[in-house]
Structure formats: structure tokens, C-alpha cells
Amino acid sequence: MNVTEALAYIHSVSWKGSIPGLSRTQELLAKMGSPEKQLKFIHVAGTNGKGSTAAMLASILQTAGYTTGLYTSPFISRFHERMQVNGVPISDEELATITEAVEPLAESMEDHPTEFELVSCIAFEYFMEHSCDIVVLEVGMGGELDSTNVIDTPEAAVICNIGLDHMEVLGDTVEKISSAKAGIIKKGGDAVIYREKPSVEAVFEERCRAVGARLTKADFETLRPVYHSLDGQVFDWGRFHGLRLPLLGEHQLKNAAVVLTTVTLLQQKGWNITDNDIREGLDHVSWPGRFEVLRRDPLFIVDGGHNPQCIEALVKNIRDYLAGRELTVLTGVMADKNYDAMYPCVAPYAKEFITVTPLNPRALPAEKLAGYLGQFGKPVTTCLTVADGVMTAIDHAGPDGTVLAYGSLYMVGDIQNAVRQTIL
């Protein structure tokens, strides 16, 4: 099996869908020899911020000298990004070899695993083969019934900001969604949570009481922004002064506070992480596609945010980083998203819209999106491809203008590639 065949098998129709439950993952891992039992984890759940939180944690642990695995989803440009060791994605050869070994085991199961379950099992094997000291494991959806939750008690269960997303599966209130995510908190473990309203925090408090886990609430009180620009942010937190973070947005500082609270807990548990490791790890973290600057002339920023909290953060970033600029907005969206939560609050900052159709079966056609956006009274241009949309947006913005591309993570990779071509 080569990598093309491996990816074709992983993405094959028989694996499609998201079916909550742990039994299929547990069965397949048992057939594989239970690689997850040989690993230690930091388990990261939440509606928003879990990817950047996981990336910060992994960067700090790697800087501290630990062989660090990182499991995230979805990917931006290439599937291999989803599983990395010390910042290096899985190789073609390793992906093909592990998938070839797992295939007959999966095929022997009466109840086949889903695609995400299969990928999670491949990742566990990959991390085990690399003898990872620690794996930062991002939940796919929810928590309690997510396939990543087959692991034993992690070094820390980290729960990021909670919002309304995947309500058809997780529940229609933040309290119900929090209950699903609280399922990653296990017996005798440690939990770190993003600060929420009392009714949400009460859900995590009750879970910790029920399983005898220790709860730590992230320290937002000592978080002090110092300076921000399109090159990054400087902030103070607790005993630290002048920490630098290349990720943009006030919400990323709160995610960093969750990370710093978690790492302080790890230090107390005996992990050899120095304060300098923390400083350097934050300084060198990379998490693309989140209010990311791709070029400067014109200024071109891409953001994969799509749910209400992400859009709220995006509007805050527009005010903080792009004040006074007229925006050429390049956008595409999935058909099942709530457009009324995505566009009315951004429209006042747009001088025009350019619509594209992301390369995804769930994408809304660019023409239909253009019809929706017409209500805002701004010019709307429809483009056949994402690459055409990028070229059109750059042309319309002009050398001194600003392009903001947002709407779906599924088109971020194509936008990045198209923008790189304009710079070459």
C-alpha cells in the first residue's frame, strides 16, 4: 500500500459519518495491541480555541525536550498535518505502512469504525512507534463519546471555551454541551478549564466531584495585554512579564492563560519544564489559518472561523488590527452553517464581497452565497475557483488595500496556496 492508496482507504465511503461511541475504537485498538496504553496524554476539548491551545502546549513541551505528539483536526493543507511528532507531520511511508497494517483488522470488525475512529487509531500507533513522552490530543467533537476518549486518565484534561456548535449531537445549551465535554475528565485526574459563566463551571465542578478529579480554573485575573500588532502580541501573566505570542487576537491571550495554567500544573506534577521553555515555546508556536497574515501588499488575512464565537472574535480583531481599513472580503461557506451569525456583523466593515465555492461536498455554491450577501448593499463578485477568488480579491483591493478571507477552514489551505503563488 502506498500513501495514495492509504488515503483512499481512509476516506472511502464506508468510513464516512460521525457515530458517537467508543466501542469500535476500543475494539480496533485492542486488535492492534492497545498502543494508547503505552502513552501519556494531555486531552484537549472545547468548542473554540482547542486547536491553538493544543499547539501552544505541544510547542512548550517540545521546547522542554520531550518527544511530543500532536493530534488535531481538521487539516489545513495536507492530511498528514493531523498527526505530528515534534512539529513534523507523519511521513507518506509511515502513514501507508500503519494503514496497511490496520486495514485487515478494521475489515474484520462487524461494526466498522468511522473515518475519524480509524484515523485516531492510526495516530495512536504512530505516536507509540515514535516513543512519544507525551501526546497533546485534541478531541474531534464533544468529549465523552469522542473516539479520543478511549485513553486512560490523562496528565491533564483541558477544556477550552464553550459555545453553541454541533448542537444536533451535543445539545442545545452551553450547559448540555459542557456536560458532553466534561466526559474527558477521568477518575483521579486533573482538569483545567477556561473561565465560563457560573452555570457552565458548575457542570465541570460536579463532574470533578463525581470522579474524584482536581479542578483548576484558568487564571485570567493576572492576564495583562501589553502590546499587539500584525506581527504578534506581548502580554504579562502571573510571574511572567513580556511573553510574546505570534498568534493574533485577544481570545488567543485567554487561550494562552489556559495553557500557562496547565503547564504550571504539569510543573507541579514533576514535568521538567522551565520558565524559559514556556517563554520560548509560546514565542515559536505556529497555528495557521486563524487570523493569519499571508502577505502585506495588499494586506491579506485569512481566518477559518465560522461559528458565532469565532465570528465575534473575528469582529474584535477587525476593530483591534484593521481599524479604518476598508475590507475586500473573500468568502465561501458550508451549506449547513448559520449565515445570519456569520455575515451581518462583518458586513459594515466590507467595501465588497467576493464569493467562492470551497472544495467540499457540503459547500454552498458561490452564486447562492452571492444572492444572500446582496442584502447588505455592497458589490458582490462570484468566482469559479478559490484561486480565481484570491486573484480577484488582490486586484480589487489594490496595493494599499486589505483582503479578509473567512468563512470555512475547508478553504484555508487553497487560499494559502493561491496567495503563495501571487508572491512567487
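Peer 1: Tell me about the nonpolar core, and name the residues and values.
Peer 2: The biggest cluster of nonpolar side chains holds 43 residues, and the ones touching the most others in it are Ile42, Phe235, Leu245, Ile273 and Leu282. Elements represented by at least two residues in this core include exactly strand 1 (41-45), helix 3 (50-63), strand 5 (134-138), strand 6 (156-159), strand 10 (232-237), strand 11 (240-245), helix 9 (250-268) and helix 10 (275-283). Per-element tally for this core: the top contributor is helix 9, with nine residues. Setting aside chain neighbours within four positions, we find Phe235 in contact with Leu223, Arg224, Pro225, Val226, His241, Gly242, Leu243, Leu245, Leu253, Ala256, Leu260 and Leu282. Counting 34 residues, the second largest nonpolar core, distinct from the first, contains Leu22, Ile90, Ala123 and Val135.

Peer 1: Outline helix 12 (residues 366-373), listing residues and values.
Peer 2: Where helix 12 is concerned, the buried positions are Ala366, Leu369, Ala370, Tyr372 and Leu373. On an axial view of helix 12, the arc spanned by its buried residues comes to 160°, and they lie on one face. Facing away from the buried side of helix 12, by more than 90 degrees, are the exposed residues Glu367, Lys368 and Gly371. Each element contacted by the buried residues of helix 12 is listed here: strand 14 (327-331), strand 15 (350-355) and strand 16 (380-382).

Peer 1: Quick one: what's the story with the sheet that holds strand 7 (residues 190-193), residue by residue and with numbers?
Peer 2: Taken in spatial order, the eight strands line up as 4-3-2-5-1-6-7-8 in an open sheet, and their pairing is mixed. In this open sheet, the two strands that pair with only one neighbour each are strand 4 (88-89) and strand 8 (214-217). The sheet contact formed by strand 2 (residues 68-71) and strand 5 spans four bridges and is parallel. In the sheet register, Leu70 faces strand 5, and the bridge partner there is Val136.

Reading the values: the criteria
- Residues numbered from 1 in each chain as written.
- Predicted model: local features only at pLDDT ≥ 70, side-chain atom pairs only at ≥ 80, totals over all residues.
- Heavy atoms only, no water.
- Core = buried A, V, L, I, M, F, W, Y, C linked by side-chain atoms within 4.5 Å.
- Buried < 20%, exposed > 50% of the residue type's maximum accessible area, 1.4 Å probe, protein only.
- Helix = DSSP H or I, 4+ residues; strand = E, 2+ residues; numbered from the N terminus.
- Contact = heavy atoms within 4.5 Å.
- Arc of directions from axis to C-beta.
- Pairing = 2+ DSSP bridges.

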